[in-house]
Amino acid sequence: MRCVFVQFRCIPGKTYEVASAIWDREVVSEMYSTSGEYDLMAKVYIPDEEDVGQYLNAALFDIVGISRTLTTMTFRTF
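Residues numbered from 1 in each chain as written. Predicted model: local features only at pLDDT ≥ 70, side-chain atom pairs only at ≥ 80, totals over all residues. Heavy atoms only, no water.

Engineer: Looking at this structure, how should I read the environment of Met 41?
Structural biologist: Take Met 41: it is sitting in strand E3 (residues 40–46). You can call Met 41 partly exposed: its relative accessible area is 27%. Linking Met 41 and Val 6, residues 35 residues apart in sequence, is a C-alpha distance of 5.6 Å. (Helix = DSSP H or I, 4+ residues; strand = E, 2+ residues; numbered from the N terminus. Buried < 20%, exposed > 50% of the residue type's maximum accessible area, 1.4 Å probe, protein only.)

Structural data, given as structure tokens:
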């Protein structure tokens with residue numbers, strides 16, 4: 001499993017709806033509301049055999065109310 005962090009910018013007024021929709025899909029292990037440019041941050045474990053971009057597109061990025069995402073790949077835990 002590969003760990004990635006995905007940040008979500010939401011359409012104003014839609015953050016709670018987006019957060020609920022993300023959580024309902026049961027693909028994130030943790031999710032937080034955040035300050036700054038993005039409204040939410042999620043920790044996602046991608047199966048090794050999956051393409052990260054295709055997996056995230058199919059699993060999360062079609063949710064109504066998301067205006068932008070930022071995905072950060074991880075390499076090693078300390």
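Here the narrative resumes, following the displayed structure.
Engineer: Is there a simple way to think about the pairing of strand E1 (residues 2–10) in this case?
Structural biologist: Here is the key point about a regular strand: its side chains alternate between the two faces of the sheet. Across 7 bridges, the pairing between E1 and E3 is antiparallel. From the neighbouring strand, Arg 2 faces E3, where its bridge partner is Ile 46. With 7 bridges connecting them, E1 and strand E4 (residues 66–73) associate as antiparallel partners. Each residue of the ladder has a partner; that of Arg 9, found in E4, is Arg 68. (Pairing = 2+ DSSP bridges.)

Engineer: Please explain the environment of Phe 61 as it appears in this structure.
Structural biologist: For Phe 61, the position within the fold is in the loop between helix H2 (52–59) and E4. Take Phe 61: its relative accessible area is 25%, and that puts it in the partly exposed class. Those residues in contact with Phe 61 that lie beyond four places of it in its chain are Val 6, Phe 8, Leu 56, Thr 69 and Thr 71. (Contact = heavy atoms within 4.5 Å.)

Engineer: Which parts of the structure should I look at to understand the packing of aromatic side chains?
Structural biologist: For any two aromatic rings, the description comes down to two numbers: the centre-to-centre distance and the angle of the planes. Throughout the structure, instances matching the rule amount to 1 aromatic pair. Aromatic side chains Phe 8 and Phe 61 sit 6.4 Å apart centroid to centroid with 75° between the ring planes, which places their arrangement in the edge-to-face category. With Phe 8 in strand E1 and Phe 61 in the loop between H2 and E4, this residue pair connects regions lying 53 residues apart in the sequence. Directly above the ring of Tyr 38 sits Arg 9, whose terminal nitrogen or CZ lies 4.9 Å from the centroid. (Phe/Tyr/Trp six-rings, centres within 6.5 Å; stacked < 30°, edge-to-face > 60°. Lys NZ or Arg CZ within 6 Å of the ring centre and 35° of its normal.)

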